[in-house]
Each structure stands twice: as structure tokens, then as C-alpha cells.
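# Structural description and commentary
In case you want the letters, here they are:
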Amino acid sequence: MDLRLFPLNTVLFPNMRLPLHIFEERYKLMIRECIEEDAPFGVVLIQTGEEVGSTAAPHQVGTTARIIQVEYLDDGRMNIFTMGERRFRIEREETGDTLYRSVQASLLPEPGFGALADDAQRRLADMRGELEARMLELVRLTAPASAEQLAERMRALDPLLLLNALSFGLDCPTLEKQSLLEAANPVVQGELLLRILIIRIAEARLPEGPKIVN
């Protein structure tokens, strides 16, 4: 598929909401075109470079974002609210005279829970309890007032949505989140997420508290 690209210092996951403030001319143009065509754009983590005023080199795997709400501001600026849809892989970059970057991308498989193999379903079901317990343990160490609300929210999510919600919301380095996004399948994503949670819990138990991550 042809896909307009928005490199960011953020890793977006399917079914997660991402608000963005659009102020650069190239992205104001890009977002206007996406709105006119009802087309998604691709959010990718920056590998080298900066978000503003430069050409950033992106990672090869990202998530398509659908614009679900727009707030128009002065000078053509916008606040937009997007929803992550599908993981994709960049196949090649398009050459042209557009201000923004455009690529040819292939969508990665996003099977629902019921479409997974029986052993994968069983492994994810077994893993769910530990994921919830570890996340609650971390939150009780770092933000105890929100633990009860988080527990209710997690119980309402299906296993795959829970994986993406925890991966997206977890306070960890963006490269770790990129590894979660690029996981070969949901079971691998869940196992990696558990390892990251265990590390974050250990850091939170240190006398100086958790490390600050960018």
C-alpha cells in the first residue's frame, strides 16, 4: 500500500489512541490530504534524527493511524486524535516532490484471538494473569492511587488488546517498545513484555526508585 509517513519519538500500537499537535507545514499538508481522502498515515519510531525540522530516519515497522477527530486552530495548525489500526513494514521509500515522506508498505498479519492456534490461545490465557499481576505490582510501587482503576480496566480487555494496551502504556525506553511492536507473534510479545515488567519492578524497588527513561 502507499502510505504517508509520520516519524515520531513514539511507538504506536493497534487499537491505541494517539493525540497529535500538527504545526509543521509538511504535516499540515499531509494531514489535510489524509482527511480529504479518508486515508490513514503511518506512525514510525525515529531511529536517527529529530521530529521537527529535519529528515528523520525511521524504523522499518510501524502502525497505521486513522484520524478520528480534528480540532482546527490558527494558522492551519490542528490537534488531531488518531487510533492505531495495523502494523506495517516499510518496503521501499517513494521518490517525489512532496514535502513529507511516502513509502510502499506491507501490512503485517493481525489475527484476532480466536484465529490463533490453540496452543497460542492457551499460552496467552495462562500469561494473562501474570501480566496483570506484574503490571499491578509495578503500579502499586510507582502510582498506588491508580491501581484499583487499572485493575478494572485490564479485566475488561481481551488478551490481545491487553497486550497492546500494556505495551503502549508502559513506562520503558522506546527501543523496548519497538521490540514489542516488532514481536513475531502475540506469544513472543507477551513473553518480552513480562521480562520488561520484571525489570521495571526491580528498578522501582531500588532505594532511589525507578530509572528515568526517555
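Everything below is about the structure shown above.
Here goes a summary of the coordinates provided.

Rules and cut-offs
- Residues numbered from 1 in each chain as written.
- Predicted model: local features only at pLDDT ≥ 70, side-chain atom pairs only at ≥ 80, totals over all residues.
- Heavy atoms only, no water.
- Helix = DSSP H or I, 4+ residues; strand = E, 2+ residues; numbered from the N terminus.
- Rg over C-alpha atoms; globule rule 2.2 N^0.38 Å.
- Buried < 20%, exposed > 50% of the residue type's maximum accessible area, 1.4 Å probe, protein only.
- Contact = heavy atoms within 4.5 Å.
- Salt bridge = Lys/Arg side-chain N within 4 Å of Asp/Glu carboxyl O.
- 1 Å grid on protein atoms, 1.4 Å probe; cavity = no way out; pocket = protein on both sides within 12 Å on 5 of 7 lines; lining within 4 Å.
- Points joined across faces, edges and corners; volume = space filled by probe spheres on them.
- Nonpolar A, V, L, I, M, F, W, Y, C, P; charged D, E, K, R; others polar.
- Arc of directions from axis to C-beta.
- Pairing = 2+ DSSP bridges.

Within the protein chain, the secondary structure is distributed over 6 helices and 7 strands. For 214 residues, the compact-globule formula gives about 17 Å, and the C-alpha radius of gyration of the protein chain, at 18 Å, lands near that figure. Overall, the protein chain is about 50 × 40 × 30 Å in size when its C-alpha atoms are taken along their principal axes. Looking at the 214 residues of the protein chain, the share that counts as buried comes to 45%. In the protein chain, the proportion of contacts linking residues at least 24 apart, taken out of those at least 6 apart, comes to 65%.

Further remarks concern the pattern of salt bridges. One pass over the full model with this rule turns up 15 salt bridges. A salt bridge links Arg-205 to Glu-137; the nearest nitrogen and oxygen atoms lie 2.7 Å apart. Of the two residues, Arg-205 sits in the segment after helix H6 (186-204) while Glu-137 sits in helix H2 (residues 118-142), which places them 68 residues apart along the sequence. A relative accessible area of 24% places Glu-137 in the partly exposed class. In this structure, a network of salt bridges that share partners links the residues Glu-130, Arg-134, Glu-137 and Arg-205.

What follows concerns the layout of surface pockets. Estimates place the volume of the largest pocket at around 490 Å³. Lining the largest pocket are 27 residues; nearest its centre among them are Arg-87, Pro-109, Glu-110, Pro-111 and Pro-186. Taken together, the residues of the lining of the largest pocket break down into 15 nonpolar, 5 polar and 7 charged. The computed volume of the second largest pocket comes to approximately 280 Å³.

As for its position among the elements, Thr-64 is in strand E5 (residues 61-72). If we skip the residues at most four places from it in the chain, Thr-64 touches Leu-3, Leu-12, Pro-40, Phe-41, Gly-42, Met-83, Gly-84, Glu-85, Arg-86, Phe-88 and Leu-107.

So, about helix H3 (residues 147-155). Residues that lie three or four places apart on an α-helix share one face, since the helix turns once every 3.6 residues. Taken residue by residue, H3 has Ala-147, Leu-150, Ala-151 and Met-154 as its buried positions. Projected onto a plane normal to the axis of H3, the buried residues spread over an arc of 105° and lie on a single side. Facing away from the buried side of H3 by more than 90 degrees, the exposed set consists of Glu-148, Gln-149 and Arg-153. The inward-facing, buried residues of H3 contact H2 and helix H4 (159-169).

Before going further, it helps to examine empty space enclosed by the protein. One pass over the structure, following the stated rule, counts 2 cavities of 30 Å³ or more. Here the largest cavity defines a volume of roughly 40 Å³. Going through the elements one at a time, H2 and H4 are the ones with two or more residues in the lining of the largest cavity. Tallied by class, the residues present in the lining of the largest cavity amount to 5 nonpolar, no polar and 1 charged.

Here we come to the pairing of strand E1 (residues 2-8). Counting buried positions along E1 yields 6 of 7 residues, so the element is predominantly enclosed. Pairing between E1 and strand E7 (residues 101-107): 4 bridges, direction antiparallel. In the strand pairing of E7, Arg-4 is matched with Ser-102. In this structure, E1 lies alongside strand E3 (residues 41-48), joined through 4 bridges in parallel fashion. Residue pairing in the sheet places Leu-8 in a bridge with Leu-45 of E3.

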